[in-house]
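# Descriptive analysis of the structure
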Amino acid sequence: EHAARTHLLGRAAAQRTHRRLVFSHLTLLELRGMTLRPSTELDTSRLHITSNSMGGKSHLYGVQDHLWTNRMERTVIDDLIDGVSVEQAVCQMARYTDQDSLTMIMDWLTCANADLRQSTPQRLREAIDGFGRFPGIRRCRAALSRSVPGTDSPQETLLRLRMIGAGLPCPLVNHEIPDIDASTVWRVDMAYPPERVAIEYDGEYHYDRHRWRSDLRKRNRLQDLGWTVLVAVKDVLNDERRFTEFLLMIIHARLRGASS
């Protein structure tokens, strides 16, 4: 729905000029379906377009023009508008956002959901190296080194990055745990397998009755298999005291697992 709204705004802007607009930066990512709101210096109330020459600027109301003199990766969106590639849009965003936000964007582009996945770490790496020097290239490379393909949600990415920032090693993402007695394989959001510690993030969709029952069975089975299961919710990310408490739980669980 958000992508559709952005698309309509883009078409409306294109109808006010004879130039064919090339959408980029945050606008291109929104056109491709991204709904997360990264920290950014860009004016999020405006649409963002790119040209490779000063003469290509549009000067349209509500539209921010950007100059990109590196190689352009231009694709057709519809009969009125074009866009840069998602990889180029990420590289362009590097100038206007922080490293964690870039990592969240990269995780979204390489997410577990095949219907939403739009890139790979290899394609991102090739783009960063292939565009030549651009503002934020070091930040882009650092963000890619911390990105993990197959992540399920931006909140999980944020939790993982905060755990790493607090000194914990990077956990495995979407780790699978076989359960012979239940004839199934359980998948957990994050895990430290040597210490048998699983970490789950529950968004609001987990509050559905059927999902809640399914999650409860899964976590009971994992505990029976000797795993410690810790569950984070939105408040853990938004409250520093609660995050510290959660962090200590992870540390204690890993220590117990290492000593058993």
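See the structure above.
Quick look at the structure, then. (Residues numbered from 1 in each chain as written. Predicted model: local features only at pLDDT ≥ 70, side-chain atom pairs only at ≥ 80, totals over all residues. Heavy atoms only, no water.)

### Concerning helix α1 (residues 2–14)
For clarity, the cut-off: Numbering of helices and strands starts at the N terminus; helices are DSSP runs of H or I of at least 4 residues and strands are runs of E of at least 2. Expected span of a helix: the number of residues minus one, times 1.5 Å. Relative accessible area decides the class of each residue, using a 1.4 Å probe on protein chains only: under 20% of the type maximum gives buried, over 50% gives exposed, and in between gives partly exposed. Directions from the helix axis toward the C-beta atoms define the arc. The criterion used for residue contact is that any of the two residues' heavy atoms lie within 4.5 Å.
Along its 13 residues, α1 runs 18 Å from first to last C-alpha, staying within 8% of the 18 Å computed at 1.5 Å per residue. All of the buried residues along α1 are H2, T6, G10, A13 and A14. Along the axis of α1, the buried residues cluster in a sector spanning 110°; they form a single face. Elements that come into contact with the buried residues of α1 comprise β1 (21–23), α2 (25–31), β2 (47–51), β3 (63–67) and β5 (81–84).

### Section: unusual backbone geometry
What you tend to see is this: most non-glycine residues have negative phi, and most peptide bonds are trans. The backbone of H25 shows a phi angle near 55°, a positive value even though the residue is not glycine. Examined against the element boundaries, H25 turns out to sit in helix α2. A positive phi angle, close to 50°, is found at N174, a residue other than glycine. Within the element layout of this structure, N174 appears in strand β6 (residues 172–179).

### Side note on the sheet that holds β6
Heads up, the condition is: Only when DSSP finds a minimum of two bridges between them are two strands counted as paired. Axes here mean lines fitted to C-alpha atoms, for a helix over just the part in contact, with angles spanning 0 to 180 degrees between N-to-C directions.
In space, the four strands of this open sheet follow the order β6-β7-β8-β9, with mixed pairing throughout. Single-partner strands in this sheet number two, and they are β6 and β9 (228–232). The sheet shows a mean angle of 50° between the axes of neighbouring strands, direction not considered. Pairing of strand β8 (residues 197–201) with β9, which is carried by five bridges, proceeds in the parallel orientation. Paired with V197 across the two strands is T228, which belongs to β9. Relative to the sheet, helix α8 (residues 209–224) contacts β6, β7 (184–192), β8 and β9, its axis offset from that of β7 by approximately 80°. Against the sheet, helix α10 (residues 240–259) contacts β7, β8 and β9, and its axis sits at roughly 170° relative to β9.

### Let's talk about the pattern of salt bridges
Selection criterion: Salt bridge, as used here, is a side-chain nitrogen of Lys or Arg placed within 4 Å of a carboxyl oxygen of Asp or Glu.
Going through the model one piece at a time under the given rule, you end up with 20 salt bridges. Of the charged contacts in the structure, one is a salt bridge between R11 and D78, with a shortest N-O distance of 2.8 Å. Here R11 is found in helix α1, whereas its partner D78 is found in the loop between β4 (74–76) and β5, with 67 residues between them in sequence. Salt-bridge contacts for R254 lead to E195; the nearest nitrogen and oxygen are separated by 3.2 Å. In this pair, R254 is assigned in helix α10 and E195 in the loop between β7 and β8, connecting sequence segments 59 residues apart. When salt bridges that share partners are traced, they join E200, D202, K218 and R219 into one network.

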